[in-house]
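# Descriptive structure summary
For reference, the chains in residue letters:
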Amino acid sequence: MSQLAEARRKAWALSIGASPQASGPPRKLHRGMLPDVDMSNVVPDPNHRPFFGRVFALIGRLAGRSGQARPAARTMSGGNR
C-alpha cells in the first residue's frame, strides 16, 4: 500500500470514530487495568433458575408434560374413565 493510501485509510478511520491503534497486537487487560465494580448495589436475580431445574423443565417439555395440572381424560360419552 502506498503512503498516500495508508494516510487516507487512517484519516477515514479517524473520521468515523476509530481510535488510533498502537503498534502491535492488542494486549489483554490484567486485573489492575479492569474497571471497578460497585458491589454495594448487588441484589440476587429474581428470575434465576438453577441449571438442573432448567434441564428438567426442558426434558418435561420435550416429553409433552407441562408444569400445570391437566384435566382428567374423558371418554367420548363425556364421562370419566
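To keep things clear, this report deals only with the structure shown in the data block. The shown structure was predicted, so the numbers you read here are calculated from the model rather than taken from an experiment. (Residues numbered from 1 in each chain as written. Predicted model: local features only at pLDDT ≥ 70, side-chain atom pairs only at ≥ 80, totals over all residues. Heavy atoms only, no water.)

A few words now on the overall build of the chain. Summing up its helical and strand segments, the chain has 2 helices and 0 strands in all. Just so you have it, the chain exposes about 8,400 Å², and 59% of that area is on carbon and sulfur atoms. (Helix = DSSP H or I, 4+ residues; strand = E, 2+ residues; numbered from the N terminus. Areas by Shrake-Rupley, 256 points an atom, 1.4 Å probe, with all protein chains shown as cover.)

Before going further, it helps to examine the pattern of salt bridges. Under the criterion given, the structure shown has 1 salt bridge. A salt bridge links Glu6 to Arg9; the shortest N-O distance between them is 2.8 Å. A residue pair is termed a helical-turn pair when its members lie 3 or 4 positions apart in one helix, as Glu6 and Arg9 do in helix α1 (residues 3-15) at 3 residues. With relative accessibility at 24%, the residue Glu6 sits in the partly exposed group. The exposure class assigned to Arg9 is partly exposed, which follows from its relative accessible area of 41%. (Salt bridge = Lys/Arg side-chain N within 4 Å of Asp/Glu carboxyl O. Buried < 20%, exposed > 50% of the residue type's maximum accessible area, 1.4 Å probe, protein only.)

For any pair of aromatic rings, the description rests on two quantities: the centre-to-centre distance and the angle between the ring planes. Counting across every chain of the model gives 1 aromatic pair. Each ring, one from Phe51 and one from Phe52, has its centre 5.4 Å from the other, and the planes form 70 degrees; the classification is edge-to-face. Residue classification places Phe51 among the exposed residues on the basis of a relative accessible area of 52%. Owing to a relative accessible area of 57%, Phe52 belongs among the exposed residues under this scheme. (Phe/Tyr/Trp six-rings, centres within 6.5 Å; stacked < 30°, edge-to-face > 60°.)

Moving on: α1. The end-to-end C-alpha distance of α1, which contains 13 residues, comes to 18 Å, matching closely the 18 Å that a straight helix rising 1.5 Å per residue would cover. Positive phi shows up at Gly17, right after α1, with a value of about 105 degrees. (Expected span 1.5 Å × (residues − 1).)

Residues lying three or four places apart along an α-helix face the same way, a consequence of the helix completing one turn every 3.6 residues. Between its first and last C-alpha atoms helix α2 (residues 51-62) spans 17 Å; for 12 residues at 1.5 Å apiece the expected length is 16 Å, and the two agree. Gly64 sits one or two residues past α2 and shows a positive phi near 95 degrees.

Looking now at the environment of Ser40. Position of Ser40 among the secondary structure elements: in the loop between α1 and α2. Of the polar contacts made by the side chain of Ser40, one reaches the side chain of Asp38; its length is 2.8 Å. (Polar contact = N/O pair within 3.5 Å; in protein donor to acceptor, adjacent residues only side chain to side chain.)

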